[in-house]
Amino acid sequence: MTEGVDEVPSLDNPYSPMAVAQVTEFYTSDSEYPTIATDAVRKALAHLSACLSTDSVSSRDGKGTALAVIGDYGTGKSHLALRLVQEAGALLGDPHQAMYLEATASTFVDLYRRFAQRLDRDFVRTRVSDFYIDVVTSSLQDTGLSGTVLEWLQNRQLNPQQVVERLGLMESSLLRRVHEDLAKVTRDEAFGTALTLLLRSGFEDAVWDWFSGAAPAEVLRERGIVAAIDTEATALAAMGVFALLFGSHHGRFVLVLDEMDKIFTARRREDENVQAAFQQLLEVFSKAGACLVLVGLPDFLRVLHARVRERIPHTVELHPLEADEVRQFIELAQNGRLAPFTAQSPRYVRDLSGGKARDVIRLLRAAYALWADEARMSGIRTSPVPETMIRDAAHRQFGSRPGDDVEAAVIGVLKAHGWQFRLRHRLGPPGSDPVDFWVTFPGRAGGCAILLTRSILDERDVQMLNRKLDDLADLDDPVEALVVINGVLNDAVADRVRTALTGELLRSGDPTFPHRLATLLGIVNDRLEALAGDSSSALEIRFTQLSRQQANLHGLLEQLSEQLDDAAAASTRGFATVLQDLATWGQAGPDAAPRLPDHVGEIFTDATGTLEALLQLDPILTGAFGSTGRQSIDDFRALTRGGEFFPAAGTALILRRIIDGFRSAIETWYGRVETDTPASPDRASAESRAQLDRLCRAYDEVCNQVPAFRLGPLTSVAVRGRAAGTRESSLPYVQDVVENLSPRVRRAVLRSSAPHA
């Protein structure tokens, strides 16, 4: 019996296409970007609260802390990081005392420069002024001048400069004492000098340029500041200086560094200077009573030396969501309503998505969209979302491919290796189900049955598949079986599938699928040969295979050429309109769009560079026409074997076009902001911000239609060795760069101090 819907849900999709963390300052409600109260979230908030508690402030003696938040792609790390910043700002009563930074830079020098750009001049000047107030107050008390002036000074009704001027106090002597105090607190003579100069007119720009990484101006050199902040050690030390400054006078500071795995790559493990400087930063934050939150993949902790990890007392690991937590998220997003989802939907969504927060959101959005489309056509909004609809949404989102595509991929592998096969061949008695592929080997009894199946999610799916495998096991001739899953595999039930070939289950969306299929078929051949016990015809069989491979190669190359032409034509026709529409969102500005601020442009450069690295064929092509021609041609043939390379390459090119269109739209948006009159000088107007949101949603909607999982073949071992290198070109990393682009851009834009920072 179909479960009905008690109330009529809205046709508007409540799930954002930007299934990633957004900028916390602009959250309007928890239902907009809800936070699920998992154990990890509660632990992280508890550690933060303990560090910033009133008791800790009043009694601390270097009671700062460091917290590592780790998890795989899509588990909600950035969302939690931003929530921690938002919570810290609320607890401290001043948003300037909590800062969020994405560590997407390649060095700590670049990261520090972004840190310096985010510093608020008034906030820093106020913290320095606290030292001046202390010195002036002490001087007034020493001379017996106190009373009303002292009260005004301490209540900031007068600033210390005004008091010094009106009372004729000796400014140079007082500032010398301020410098001594600042140098003692920051433990850095140069910073003590620079910060003190902020109290004198005419020096502020030179000091801020130096803070931002520029070489010291002559006026600073004359005062002993001779070196720029341009090494990783000095950059980390500088961040520690500001932590000490902000932690003075019973202040607290929280710094959240996201995506630490991108800056702490494996090559930094052997860099003793960086490890030592980072250890020093952790110690400084602890002594300053500050809280440093380090967010990233689990890899980044493993790169740290043991003595550095010891300085991180707390670690919170994000795990996949459970079914009840998925239900909690649905009800948060839908204002307490579960409909049109049913009581069974959360478990099903959890199994299909693997529980990763980002994939849960993507799947819920896709399923809700299918339900809304059907409701619009039928006019019925009381029907629930059935499991089949969620399954269809999962196939679209997580790598399930059209059946014809999977068949073509299998056929490509079989032809490339010269194996004989039949499609949809019945092995059992009349009325039994045929196998999708029946592969035979010359001189061998029996063969290999390849079964194509959709997602394996629960015990019901396992039982259906096992019945087919049992029927094959009952046949007289030896039959090996390979199962190809075109969809999602629930790991919890995978081990109960009774495959004859050592439990191997193949995923059609896996980038190594063609290679693994060929390898396993080779194992089947060897096992059947061992059963036959006769290897006299092995050479003849091998010659037969080679002959068949050569005959198939010409047809395969022609087919791949046609596929490439079709893909190029389709992308040119279809995406030209889409990209034009995307760019149109930001038009009506000046004729020449302005150059993006560096920190925004870097995000686009990183995304396009990642895609370009996947298509870096220059070494192969150069070798093909050079001295290593034969080897390079063989490399290219191996790369394109199986027909997976060209669709992947077409996908990469289309994504590159989409990103270029998005960048063009953002550039035009900056042109429009120039003509706006924002309510405040450091934030875009509400209208411009709404338009920026529309641009980001447009990118996500377009990007969601592109099967990024098809990039897998480009991230194979062969291509990685010639392109970007190691983890940076893995499929999860590439997908994260593409899918997380719009929120990164949005955060960078909205955190800019001005449109042209």
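Small disclaimer: the values here were computed from a predicted structure and weren't measured. (Residues numbered from 1 in each chain as written. Predicted model: local features only at pLDDT ≥ 70, side-chain atom pairs only at ≥ 80, totals over all residues. Heavy atoms only, no water.)

**Student:** Would you mind showing me how to read the packing of helix α8 (residues 171-186) against helix α9 (residues 189-197) here?
**Tutor:** Angle between the axes and distance between the axes: these two values describe a pair of packed helices. One can describe the packing of α8 onto α9 by two numbers: an axis separation of 8 Å at closest approach and a directional angle of 135°. One way to sum up the angle between α8 and α9 is to call them oblique. As for how α8 packs across α9, the hand of that crossing is right-handed. The residues of α9 that touch α8, namely those facing L175, V178, H179, L182, A183 and T186, are E189, F191, G192, T193, L195 and T196. Split by residue class, the contact of α8 with α9 holds 6 nonpolar, 5 polar and 1 charged. (Axes fitted to C-alpha atoms, helices over the stretch in contact; angles between N-to-C directions. Helix = DSSP H or I, 4+ residues; strand = E, 2+ residues; numbered from the N terminus. Parallel < 35°, antiparallel > 145°, perpendicular 65-115°, else oblique. Left-handed = near helix turned anticlockwise from the far one by under 90°. Contact = heavy atoms within 4.5 Å. Nonpolar A, V, L, I, M, F, W, Y, C, P; charged D, E, K, R; others polar.)

**Student:** I would appreciate a short explanation of the environment of P160 in the present structure.
**Tutor:** Among the structural elements, P160 can be located in helix α7 (residues 160-167). C-alpha separation for the pair P160 and V136, spaced 24 residues apart in sequence, amounts to 6.7 Å.

**Student:** Looking at this structure, I do not really get the packing of aromatic side chains. What am I missing?
**Tutor:** Inspection of the entire model under this criterion finds 23 aromatic pairs. Note on Y15 and Y368: the rings are 6.1 Å apart at their centroids and 65° apart in plane angle, and the pair reads as edge-to-face. Of this pair, Y15 sits in the segment before α1 (39-52) while Y368 sits in helix α19 (residues 357-378), and the two are 353 residues apart along the sequence. The exposure class assigned to Y15 is buried, which follows from its relative accessible area of 2%. (Phe/Tyr/Trp six-rings, centres within 6.5 Å; stacked < 30°, edge-to-face > 60°. Buried < 20%, exposed > 50% of the residue type's maximum accessible area, 1.4 Å probe, protein only.)

**Student:** I'm lost on the environment of A88 in this one. Help?
**Tutor:** Inspection of the secondary structure assignment puts A88 in helix α3 (residues 77-92). Sequence spacing of A88 and L45 is 43 residues, and the spatial spacing of their C-alpha atoms is 9.2 Å. Once you skip the residues sitting within four places of it in the chain, A88 turns out to touch L48, L52, A98 and V254.

**Student:** It is not clear to me how the pairing of strand β7 (residues 435-440) should be interpreted in this structure. Could you clarify?
**Tutor:** Side-chain direction in a regular strand flips from residue to residue, so the side chains alternate between the two faces of the sheet. Summarising burial for β7: 5 of the 6 residues are buried, a large majority. Looking at chain direction, strand β6 (residues 420-425) and β7 are connected through 5 bridges and run antiparallel. Bridge assignment links Q420 to a residue of β7, and that residue is T440. Note: β7 against strand β8 (residues 447-453), 3 bridges, orientation antiparallel. Looking across to β8, one finds that V439 is bridged to C448. Between β7 and β8, which pair antiparallel in sequence order, lie 6 residues; one of them, G443, sits at a positive phi of approximately 80°. (Pairing = 2+ DSSP bridges.)

**Student:** Teacher, can you tell me more about α8 here?
**Tutor:** Along an α-helix, a turn takes 3.6 residues, which lines up residues three or four apart on a common side. With 16 residues, α8 should reach 22 Å at 1.5 Å per residue; the first-to-last C-alpha distance of 22 Å fits that figure. Of the residues making up α8, those classed as buried are L174, L175, V178, H179, L182, A183 and T186. Two residues or fewer past α8, R187 is found with a positive phi of approximately 60°. (Expected span 1.5 Å × (residues − 1).)

**Student:** I'm lost on the confidence of the model for the chain in this one. Help?
**Tutor:** Detailed reading of the predicted coordinates is not advisable wherever pLDDT falls low. Averaged over every residue, the pLDDT of the chain is 76; the share at 70 or more is 73%. Confidence, read as mean pLDDT per element, is least for helix α31 (residues 717-720) in the chain (42) and greatest for strand β5 (residues 314-317) (93). The low-confidence segment residues 567-575 (pLDDT under 50) makes 7 contacts with residues lying over four places distant or belonging to another chain. Taken as a whole, residues 753-757 scores under 50 in pLDDT and shows 11 contacts with residues more than four places along the chain or in a different chain. (pLDDT = per-residue confidence, 0-100.)

**Student:** What is the right way to read the sheet that holds strand β9 (residues 479-485) from this model?
**Tutor:** Either a parallel or an antiparallel arrangement is found when strands of a sheet pair, and the pairing is made through backbone hydrogen bonds. Spatially, the 5 strands line up as an open sheet ordered β6-β7-β8-β9-β10, and their pairing is mixed. Where the open sheet ends on each side, the last strands, each with one partner, are β6 and β10 (505-507). Pairwise comparison of adjacent strand axes, ignoring direction, gives a mean angle of 25° for this sheet. As judged from the 7 bridges shared by β8 and β9, these two strands associate in the parallel manner. If you follow G447 over to β9, its bridge partner there is V479.

**Student:** Is there a simple way to think about the side chain of R391 in this case?
**Tutor:** As for its position among the elements, R391 is in helix α20 (residues 387-397). Not counting residues within four places of it along the chain, the set of residues in contact with R391 comprises Y348, L352, S455, L457, R460 and D461.

**Student:** What should I look at first to understand the sheet that holds strand β4 (residues 291-296) in this one?
**Tutor:** If you trace the 5 strands from one edge of the open sheet to the other, you get β2-β3-β4-β1-β5, paired in parallel fashion. The open sheet is flanked by β2 (98-102) and β5, the only strands paired with a single partner. Geometrically, the sheet is characterised by an average inter-axis angle of 15° between neighbouring strands, direction not taken into account. Sheet topology places strand β3 (residues 254-258) next to β4; 4 bridges connect them, and they run parallel. Bridge assignment links L255 to a residue of β4, and that residue is L292. The sheet contacts of α1 involve β1 (65-70), β3, β4 and β5, and relative to β5 the element is tilted by about 155°. Helix-sheet contacts for α3 involve β1, β2, β3 and β4, and the interaxial angle to β2 is about 160°.

**Student:** What exactly am I supposed to notice about the state of the cysteines here?
**Tutor:** Each disulfide consists of a covalent bond between the sulfur atoms of two cysteine residues. Within the structure shown, the criterion is met by 0 disulfides. Left without a disulfide partner, C291 is nearest to the cysteine sulfur of C51, which lies 4.4 Å away. Here C291 falls in the buried class, since its relative accessible area comes to 2%. (Disulfide = S-S within 2.5 Å.)

**Student:** Mind showing me how you'd approach unusual backbone geometry here?
**Tutor:** Of all residues except glycine, most have a negative phi; of all peptide bonds, most are trans. Following A339, the chain continues into P340 via a peptide bond in cis, with omega recorded as 10°. Counting through the fold element by element, P340 comes out in the loop between α17 (323-333) and α18 (345-353). Even without being glycine, R187 reaches a positive phi, approximately 60°. By secondary structure assignment, the location of R187 is in the loop between α8 and α9.

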